[in-house]
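The primary structure of each chain is shown beneath.
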Amino acid sequence: MEEIVEGVNNINISDAHKKNRIQVSNTKKPLFFYVNLAKRYMQQHNEVELSALGMAIATVVTVAEILKNNGLAVEKKIMTSTVDIKDDSRGRPVQKAKIEIVLVKTANFDELMAAAAEERENNEGEEQS
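This one's a predicted model, so the numbers in the text were calculated from it and none came from an experiment. (Residues numbered from 1 in each chain as written. Predicted model: local features only at pLDDT ≥ 70, side-chain atom pairs only at ≥ 80, totals over all residues. Heavy atoms only, no water.)

### As for the confidence of the model for the chain
Turning to step 1, where the next piece is worked out: With 84% of its residues at a pLDDT of 70 or more, the chain shows a mean pLDDT of 84.
Turning to step 2, where the next piece is worked out: Note on residues 1-16: pLDDT under 50 across the span, and 12 contacts to partners over four residues away in sequence or across chains. (pLDDT = per-residue confidence, 0-100. Contact = heavy atoms within 4.5 Å.)

If you want it as structure tokens, here you go:
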């Protein structure tokens, strides 16, 4: 959990109205890093925007589905597009697919998070005894 707090604190926010955006990579962090980060963002901002390019799109969709299937979030908006990225090796722009998924927390989000935290505490207590 400490690494998530560190990740949140180290994020450089250049766009003031996009404090709740997570740009997902399929190579840099494990899947559940993004799941836990999205939960934290929803606690702080009530919604989170997951964004990815190319091969990372599958990771974003998986993160969104995990949050939805656990009853923590519902889809507010899904946007797809293509963006031109300059490929240094070829010298010409390459089109990449882009997805943005906006999730909002469910009515019982806070209850589910509290129950999960309580369960974690109980499990930690059992391990220590």
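Now that the structure is up, let's keep going.
### Thoughts on the environment of Leu72
Turning to step 1, where the next piece is worked out: Note that Leu72 resides in the loop between α3 (57-69) and β3 (73-86).
Turning to step 2, where the next piece is worked out: When the C-alpha positions of Leu72 and Lys39 are compared, they lie 8.0 Å apart, and in sequence the two are 33 residues distant.
Turning to step 3, where the next piece is worked out: Sequence-distant contacts of Leu72, defined by excluding residues within four places in its chain, comprise Lys39, Met42, Leu67, Val104, Lys105, Thr106, Phe109, Leu112 and Met113. (Helix = DSSP H or I, 4+ residues; strand = E, 2+ residues; numbered from the N terminus.)

### Section: the pairing of β3
Turning to step 1, where the next piece is worked out: Examined bridge by bridge, β3 and strand β4 (residues 93-105) share 13 bridges and lie antiparallel to one another. For Thr82, the partnering residue across the bridge sits in β4 and is Ala97. (Pairing = 2+ DSSP bridges.)

### A look at a negative patch on the surface
Turning to step 1, where the next piece is worked out: Side chains of Glu118, Glu119, Glu121 and Glu124 sit close together on the surface and give a patch of like negative charge.
Turning to step 2, where the next piece is worked out: Secondary-structure assignment places Glu118 in helix α4 (residues 109-128). (Patch = residues over 30% accessible without salt bridge, like charges linked within 9 Å, V, L, I, M, F, W, Y side chains within 5 Å. Areas by Shrake-Rupley, 256 points an atom, 1.4 Å probe, with all protein chains shown as cover. Salt bridge = Lys/Arg side-chain N within 4 Å of Asp/Glu carboxyl O. Lys, Arg positive; Asp, Glu negative; His and termini not counted. Charge placed at Lys NZ, Arg CZ, Asp CG, Glu CD.)

### Side note on the packing of helix α2 (residues 31-45) against α3
Turning to step 1, where the next piece is worked out: For the pair α2 and α3, the least separation of the axes is 10 Å and the interaxial angle reads 55 degrees. Of the possible angle classes, the one that applies to α2 and α3 is oblique. As for how α2 packs across α3, the hand of that crossing is right-handed. On the side of α2, the interface is formed by Leu31, Phe32, Tyr34, Val35, Ala38, Lys39 and Met42, while α3 contributes Thr59, Thr62, Val63, Ile66 and Leu67.
Turning to step 2, where the next piece is worked out: Split into classes, the residues belonging to the contact of α2 with α3 amount to nine nonpolar, two polar and one charged. (Axes fitted to C-alpha atoms, helices over the stretch in contact; angles between N-to-C directions. Parallel < 35°, antiparallel > 145°, perpendicular 65-115°, else oblique. Left-handed = near helix turned anticlockwise from the far one by under 90°. Nonpolar A, V, L, I, M, F, W, Y, C, P; charged D, E, K, R; others polar.)

### Thoughts on the side chain of Ser25
Turning to step 1, where the next piece is worked out: As for its placement among the helices and strands, Ser25 is situated in the loop between β1 (21-23) and α2.
Turning to step 2, where the next piece is worked out: In terms of polar contacts, Ser25 uses its side chain to reach the backbone amide nitrogen of Thr27, at 3.1 Å.
Turning to step 3, where the next piece is worked out: Residues in contact with Ser25, not counting those within four places in the same chain, are Tyr34 and Ala56. (Polar contact = N/O pair within 3.5 Å; in protein donor to acceptor, adjacent residues only side chain to side chain.)

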